[in-house]
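Coordinate analysis (summary)
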Amino acid sequence: PLALRLLQGHAGGLGAAHFRALEQGWDTEEIHRLTKIDRWFLTQFKQLVDLKNEATLVGLRGISPDLMRSLKRAGFGDWQLGSMLGADEEAVRAA
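Residues numbered from 1 in each chain as written. Predicted model: local features only at pLDDT ≥ 70, side-chain atom pairs only at ≥ 80, totals over all residues. Heavy atoms only, no water.

1. Re helix H6 (residues 78–85)
Residues of H6 that are buried include every one of Asp78, Leu81, Gly82, Met84 and Leu85, and no others. Looking down the long axis of H6, one finds its buried residues gathered within 165° of arc, a one-sided arrangement. Pointing more than 90 degrees away from the buried face of H6 are the exposed residues Trp79 and Ser83. Of the surrounding secondary structure, the elements contacted by the buried residues of H6 are helix H4 (39–62), helix H5 (65–73) and helix H7 (89–94). Just past H6, the residue glycine 86 takes up positive phi, approximately 70°. (Buried < 20%, exposed > 50% of the residue type's maximum accessible area, 1.4 Å probe, protein only. Helix = DSSP H or I, 4+ residues; strand = E, 2+ residues; numbered from the N terminus. Arc of directions from axis to C-beta. Contact = heavy atoms within 4.5 Å.)

This is the structure:
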């Protein structure tokens, strides 16, 4: 189960299981309670998950310039965005 993977963690840091929990809607407080990962870090990663979810919801054609700017500033690369949105890097760059 995911809760067990959260407890096992990844050398005391955030791992794939933590991101998966955030993507599945787990509350940052619950993850903190189970893992003792600092709330600040969990909040930062929750913001990344929220940006990703917003982008996948609207798709490449629906991404506003502000959302694209936020995604880029958050560190999402063109190849990551293309992978998330089912597009190639050139299409992302042109958006």
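2. A word on helix H3 (residues 28–35)
At 3.6 residues per turn, the α-helix brings residues three or four places apart onto the same side. All of the buried residues along H3 are Ile31, His32 and Thr35. End-on view of H3: buried residues confined to an arc of 100°, all on one side of the axis. Where H3 begins, one side-chain oxygen reaches toward the backbone nitrogen of glutamate 29, 3.1 Å away; that side chain belongs to aspartate 27. The positive-phi residue at the C-terminal boundary of H3 is lysine 36, with phi of around 65°. (Polar contact = N/O pair within 3.5 Å; in protein donor to acceptor, adjacent residues only side chain to side chain.)

That's the geometry; what it means functionally is another story.
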